[in-house]
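Topology and contacts: notes
Below, each chain spelled out in residue letters.
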Amino acid sequence: MSRPGRDDDPDRLYTLTGGRSRAETDAFDLVTLVVSECEPATGMQSEHVRILRLCEHPTAVVEVAAHLNLPVSIVKILLSDLLALGRITARHPRMTAGAAQLPDTDLLEQVLVGLRNL
Amino acid sequence: MDSATSDRPAVRTPLGSSADNGLKIVVVGGFGVGKTTMVRSVSDIRPLNTEEIMTQAGQGIDDPSAVRGKTSTTVAFDFGRISLNAHTVLYLFGAPGQERFWFLWDRLFAGTLGAVVLVDTRRLADSWYAIDRLEHHGTPFIVARNDFGGPAHTAEQVREALDLSETIPLIDCDARSRASSKGVLITLVEHLHALSAASTASGTSTASATARKTTP
Ligand SMILES: Nc1nc2c(ncn2[C@@H]2O[C@H](COP(=O)(O)OP(=O)(O)OP(=O)(O)O)[C@@H](O)[C@H]2O)c(=O)[nH]1
Ligand SMILES: [Mg+2]
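Structural notes, computed from the coordinates.

Cut-off values and rules
- Residues numbered from 1 in each chain as written.
- Chains lettered and ligands numbered in written order.
- Predicted model: local features only at pLDDT ≥ 70, side-chain atom pairs only at ≥ 80, totals over all residues.
- Heavy atoms only, no water.
- Helix = DSSP H or I, 4+ residues; strand = E, 2+ residues; numbered from the N terminus.
- Buried < 20%, exposed > 50% of the residue type's maximum accessible area, 1.4 Å probe, protein only.
- Areas by Shrake-Rupley, 256 points an atom, 1.4 Å probe, with all protein chains shown as cover.
- Near = heavy atom within 4 Å.
- Polar contact = N/O pair within 3.5 Å; in protein donor to acceptor, adjacent residues only side chain to side chain.
- Nonpolar A, V, L, I, M, F, W, Y, C, P; charged D, E, K, R; others polar.
- Pairing = 2+ DSSP bridges.
- Phe/Tyr/Trp six-rings, centres within 6.5 Å; stacked < 30°, edge-to-face > 60°.
- Contact = heavy atoms within 4.5 Å.
- Axes fitted to C-alpha atoms, helices over the stretch in contact; angles between N-to-C directions.
- Parallel < 35°, antiparallel > 145°, perpendicular 65-115°, else oblique.
- Left-handed = near helix turned anticlockwise from the far one by under 90°.
- Salt bridge = Lys/Arg side-chain N within 4 Å of Asp/Glu carboxyl O.

Our next topic: the overall build of chain B. Counting secondary structure elements, chain B contains five helices and seven strands. Scored against the burial criterion, the 216 residues of chain B give a buried share of 52%. Within the structure as shown, chain B displays about 9,700 Å² of accessible surface, and the carbon and sulfur contribution to it stands at 53%.

Structure below.
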């Protein structure tokens, strides 16, 4: 198996991302939920195929990284390619306030209800 | 959620199709203090492990060619997930507390609701750095004492040793217990709620909103 993994040497990761510099990877938070917008097709890069299958259901960036066994930074580059091609959509966290800014009480109340129901 | 995936092994539990808002809470603390245990106790999924590449300068890689140099390093962290309702999913990250990982936290902390600092009362000094960093970052947090059966310290002693202000909740927990770990998260979110309500009531973004002794 030549599946990319965390023991990969840096050149392998470099190849995987085509050596391109980062475009819009800041658009992805660790918990941005990714959803596939098309079926994998023949000829696609194997990592793209795996992402499209994983993201048939909403899947966070960090989960994609864990399932592909790739570093988060590399996954963000792969995702920005797929996003640019319209093959995925991204549902960004709605709580993106800076650290000093607190989430609003409505959201926190929803979180409390959810936690108490666990 | 539907049967469309039955042709593949059920290796994971997917989110419902309406999930659209991911939230973050970080559990931070010294080596072996129970971070992974707490994440596992409350997570809907078996905790997953992943890693991030950092350059020595401390950013995530901006340029994949940086990976080729000798200046990058990888840091592993684990996480779990709790579906709160049809739209909202809470991700819990366990982050190593050692000073050399500060750059990982700075990235994890960005946009988090807040943090839980897990402490082992036998090794209180292990949590100093984490608390410093959170205060520096303005990330709200609570402190939870994981009971490893060490010598009993009163809450006041712990507060003093950690130089914690009275406004920061300090509670006892057992990370192995789901109910106890759930209680820790509820305490954190109630604290956040109180801070948020206070800052709304005072109208503007006053320093009291972050419950810190000093203004930025
Ligand atoms: N007595 C007791 N043991 C605990 C508690 N929480 C965790 N442990 C045990 O402590 C050990 C370390 O727990 P982990 O959850 O792996 O700690 P960690 O903080 O993730 O450790 P690192 O990631 O290696 O820093 C495990 O053997 C746990 O079973 C607790 O509340 N009480
Ligand atoms: Mg751990």
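That shown, we press on.
We now examine the site of ligand 1. Residue and element names in this part refer to chain B. Taken together, 13 residues form the shell around ligand 1, and within it G32, K35, T36, T37 and N146 come nearest. A distance of 3.1 Å separates an oxygen atom of ligand 1 from a polar atom in the backbone of V33. Contact distances for ligand 1 include 3.0 Å between an oxygen atom and a backbone N or O atom of G34. About the coverage of ligand 1: the protein hides 66% of its 660 Å² of free accessible area. Broken down by element, the shell around ligand 1 gets its largest block of residues, three residues, from helix α1 (residues 35-42). When grouped by side-chain class, the residues that make up the shell around ligand 1 number four nonpolar, five polar and four charged.

Here we take up the pairing of strand β4 (residues 88-96) of chain B. Residue and element names in this part refer to chain B. Most of β4 is tucked away, with nine of its nine residues classed as buried. Covered by surrounding structure in β4 are T88, L90, L92, G94 and P96 together with V89, Y91, F93 and A95, the residues of both alternating faces. The pairing of strand β1 (residues 21-29) with β4 spans nine bridges and is classified as parallel. By the bridge assignment for β4, L23 is matched with L90. Both strand β3 (residues 72-83) and β4 contribute to a ladder of six bridges, which runs antiparallel. Of the residues in β4, the one forming a bridge with D78 is G94. In textbook terms, the turn of a hairpin is the stretch between consecutive antiparallel strands, and for β3 and β4 this stretch comprises four residues.

Time to look at the environment of V26 of chain B. Residue and element names in this part refer to chain B. Looking at where V26 falls in the secondary structure, it is placed in strand β1. When its relative accessible area of 0% is taken as the criterion, V26 is described as buried. Distance from V26 to L192, taken between C-alpha atoms, is 14 Å for residues 166 residues apart in sequence.

Before going further, it helps to spend a moment on the packing of aromatic side chains. All names here are of chain B. Under the defined criterion, the tally for this structure stands at two aromatic pairs over all chains. Residues F77 and F93 carry aromatic rings whose centres are separated by 5.9 Å and whose planes lie at 55° to one another, so their mutual orientation is tilted. Remark: F93 occurs in strand β4 and F77 occurs in strand β3; sequence separation between them is 16 residues. On the basis of relative accessible area, F77 is assigned to the buried category, the value being 2%. A relative accessible area of 0% means that F93 is categorised as buried. With 5.9 Å between their ring centres and 40° between their planes, F79 and F93 make a pair best called tilted. Of this pair, F79 sits in strand β3 while F93 is found in strand β4, placing the two residues 14 residues apart along the sequence. Pair check on accessibility: F79 and F93 agree, each one buried. Ring pairs connect the aromatic residues F77, F79 and F93, which therefore count as one cluster.

Moving on: the sheet that holds strand β2 (residues 59-60) of chain A. Residues and elements named next belong to chain A. Ordered by their spatial adjacency, three strands build an open sheet running β2-β1-β3, and the pairing between neighbours is antiparallel. A strand with exactly one partner marks an edge of an open sheet, and here the two such strands are β2 and β3 (88-91). Judged from the four bridges that link them, strand β1 (residues 33-36) and β3 form a sheet pairing that is antiparallel. Each residue of the ladder has a partner; that of S36, found in β3, is I88. Of the strands in this sheet, β1 and β3 touch helix α4 (residues 72-84), which is tilted by about 115° from β3.

For the pair helix α5 (residues 105-116) of chain A and helix α5 (residues 178-201) of chain B, the least separation of the axes is 10 Å and the interaxial angle reads 165°. In terms of orientation, α5 of chain A lies roughly antiparallel with respect to α5 of chain B. In terms of crossing hand, the pair formed by α5 of chain A and α5 of chain B is left-handed. Across the interface between the two elements, T105, L108, E109, V111, L112, L115 and R116 of chain A from α5 of chain A touch K182, L185, I186, V189, E190, L192, H193, S196 and A197 of chain B from α5 of chain B. Residue composition of the contact of α5 of chain A with α5 of chain B, by class: nine nonpolar, three polar and four charged.

Moving on to the pattern of salt bridges. Per the stated rule, a full pass over the model turns up ten salt bridges over all chains. Here R116 of chain A ties to E190 of chain B by a salt bridge, and the two come within 2.6 Å at their closest N and O atoms. Taken as a pair, R116 of chain A in helix α5 and E190 of chain B in helix α5 lie in two separate chains rather than in one. Overlapping salt bridges, with partners in common, bring together D120, R122, R123 and D126 of chain B in one network.

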